[in-house]
Amino acid sequence: MRLHLIELVLFSTYAELRAETARSYLGLVWWVLEPALMMATFWFVFDVILHSGGPDYVPQLLIGLTVWQWMKSCMTHGGYAIWSNLGLVRQVRLPPLVFPVVAMLSDTVKFLCIFALLLVILWCCGYPPNLAYFALPPLFLVVFVFAAGIGFMISAIVPLLPDVRFVIEQVLSVVMFLSGVVFSLSNVPAPLNEWLALNPVAQIMDATRGILMHGAWPHWLALVKVSLVSIAVCFAGAAIVRRLAPRYPKLAS
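These numbers were taken from a predicted model, which means no experiment stands behind them.

K.L.:
Tell me what's going on with helix H3 (residues 57-79), and back it up with residues and numbers.
P.N.:
Residues spaced three or four apart along an α-helix point in a common direction, a consequence of the helix completing one turn every 3.6 residues. End to end, H3 covers 31 Å across 23 residues, agreeing with the expected 33 Å (1.5 Å per residue, within 8%). Most of H3 is tucked away, with 19 of its 23 residues classed as buried.

Written out as structure tokens, the structure is:
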């Protein structure tokens, strides 16, 4: 049964990616163009207009927004997956967690395509590959588990309270500006810096920039703490979905 579910998830992810490229005239280009437009907007506002950037601001911004866009997509697309498939939930006997997992895997594939382009840009800007790249797979695994946990929690609640989607979008916007996505924690004054460092997302951003820009290995103790938080959030989110699963088919009627 588990093997069939894995095959179903993988095939559904492939089908979702094919369908998404077919729905858009730009296809694969839009996967890169959409985040590129967002990056250009933040760069123009913070670096050109406000002059609050610095010599390394562009690569910091590119890295922060690339990783954050992946996390946000997993949280929102995965979080809305059960709600948007309530009709299918009623017709087919499947674990509800299948729907958010498929959405998150789809977003992860798109992220890997964008990340490959980001690496090329960084190399051209004078940030060559380094041995610390070997820390990227465990770091990204932590990112995925953390985003999946938040996505599971959202996916459990949204079918019961669909309007909470608007609140979630606003909360994620606030989290983005409090997590060092568009700025480096090193630029924040000392007292506030310590508080922001407690944010798991800020830790992830700082570790990713350190690896890609400076060849610095992540702080393993901090990464272990973030990993434990991510695993706890993921298990909690999955447990909530399973607990509420019997209600979802009734909501589709």
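Next comes the rest of the description.
K.L.:
Kindly report on the nonpolar core, identifying the contributing residues and their values.
P.N.:
Trp68, Met71, Phe115, Phe152, Leu212 and Tyr248 are the most contacted members of the largest nonpolar core, which has 62 residues in total. Look past the residues within four positions of Trp68 in its chain and what remains in contact with it is Leu172, Val175, Met176, Val181, Val201 and Met205.

K.L.:
Would you mind going over the confidence of the model for the chain in detail, with residue names and values included?
P.N.:
Of all residues in the chain, 91% attain a pLDDT of 70 or more, and the chain-wide mean is 85. Confidence scores differ between elements of the chain, with helix H2 (residues 28-49) showing the lowest mean pLDDT of 71 and helix H7 (residues 136-157) the highest of 94.

K.L.:
How would you summarise the packing of aromatic side chains if you had to cite specific residues and measurements?
P.N.:
The geometry of an aromatic ring pair is captured by two quantities: the separation of the ring centres and the angle between the planes. Scanning all chains against the criterion turns up six aromatic pairs. Here Trp70 and Phe111 contribute two aromatic rings whose centre-to-centre distance is 4.1 Å and whose plane-to-plane angle is 10°, an arrangement assigned as stacked. Of this pair, Trp70 sits in helix H3 while Phe111 sits in helix H6 (residues 98-124); the two residues are 41 residues apart in sequence, bridging distant segments of the chain. A single burial state applies to Trp70 and to Phe111, both of which are buried. Plain terms: the ring middles of Phe111 and Phe140 are 5.4 Å apart, the flat faces sit at 85° to each other, and that makes the pair edge-to-face. Taken as a pair, Phe111 in helix H6 and Phe140 in helix H7 lie far apart in primary sequence, 29 residues in all. The buried category is assigned to Phe111, whose relative accessible area is 4%. By way of ring pairs, the aromatic residues Trp70, Phe111, Phe115 and Phe140 are connected into one cluster. For the cation-ring pair, Arg165 lies above Phe166, with the distance from its terminal atom to the ring centre recorded as 5.1 Å.

K.L.:
For the side chain of Asn199, give the residues involved together with the corresponding values.
P.N.:
Along the polypeptide, Asn199 turns up in the loop between helix H9 (190-196) and helix H10 (200-214). Residue classification places Asn199 among the buried positions, given a relative accessible area of 18%. In terms of polar contacts, Asn199 uses its side chain to reach the side chain of Ser179, at 2.7 Å. Reaching out from Asn199, the side chain makes a polar contact with the backbone nitrogen of Val201 at a distance of 3.0 Å. Excluding residues that lie within four positions of it along the chain, Asn199 makes contacts with Leu178 and Ser179.

K.L.:
Tell me what's going on with the packing of H10 against helix H11 (residues 220-244), and back it up with residues and numbers.
P.N.:
With their axes 10 Å apart at the nearest point, H10 and H11 run at an angle of 135° to one another. As summarised for this structure, H10 and H11 are arranged oblique, according to the angle between their axes. Seen along the crossing, H10 lies across H11 with a hand that is left-handed. Residues Pro200, Gln203 and Ile204 of H10 pack against Ala222, Val226 and Val229 of H11.

K.L.:
Describe in detail the environment of Phe11, supporting the description with residues and values.
P.N.:
Secondary-structure assignment places Phe11 in helix H1 (residues 2-23). Taking relative accessible area as the criterion, Phe11 reaches 55% and is therefore assigned exposed. The spatial distance from the C-alpha of Phe11 to the C-alpha of Trp220 is 35 Å, given a sequence separation of 209 residues.

K.L.:
Talk me through the packing of H6 against H7; I want residue IDs and the actual numbers.
P.N.:
Where H6 meets H7, the closest approach of the two axes is 11 Å, and the angle between their N-to-C directions is 145°. Like other packed secondary-structure pairs, H6 and H7 cross with a definite hand, here right-handed. Facing H6, whose interface residues are Pro100, Val101, Met104, Leu105, Thr108, Phe111 and Phe115, H7 presents Leu136, Phe140, Phe144, Ala147, Ala148, Gly151, Phe152 and Ser155. The class makeup of the residues in the contact of H6 with H7 is 12 nonpolar, three polar and no charged.

K.L.:
So what about the environment of Leu119? Which residues, and what values?
P.N.:
Relative to the elements of secondary structure, Leu119 occurs in helix H6. As for Leu119 and Val58, which are separated by 61 residues in sequence, their C-alpha atoms are 13 Å apart. Setting aside residues up to four positions removed in sequence, Leu119 forms contacts with Tyr133 and Leu212.

Scoring rules and cut-offs
Residues numbered from 1 in each chain as written. Predicted model: local features only at pLDDT ≥ 70, side-chain atom pairs only at ≥ 80, totals over all residues. Heavy atoms only, no water. Helix = DSSP H or I, 4+ residues; strand = E, 2+ residues; numbered from the N terminus. Expected span 1.5 Å × (residues − 1). Buried < 20%, exposed > 50% of the residue type's maximum accessible area, 1.4 Å probe, protein only. Core = buried A, V, L, I, M, F, W, Y, C linked by side-chain atoms within 4.5 Å. Contact = heavy atoms within 4.5 Å. pLDDT = per-residue confidence, 0-100. Phe/Tyr/Trp six-rings, centres within 6.5 Å; stacked < 30°, edge-to-face > 60°. Lys NZ or Arg CZ within 6 Å of the ring centre and 35° of its normal. Polar contact = N/O pair within 3.5 Å; in protein donor to acceptor, adjacent residues only side chain to side chain. Axes fitted to C-alpha atoms, helices over the stretch in contact; angles between N-to-C directions. Parallel < 35°, antiparallel > 145°, perpendicular 65-115°, else oblique. Left-handed = near helix turned anticlockwise from the far one by under 90°. Nonpolar A, V, L, I, M, F, W, Y, C, P; charged D, E, K, R; others polar.

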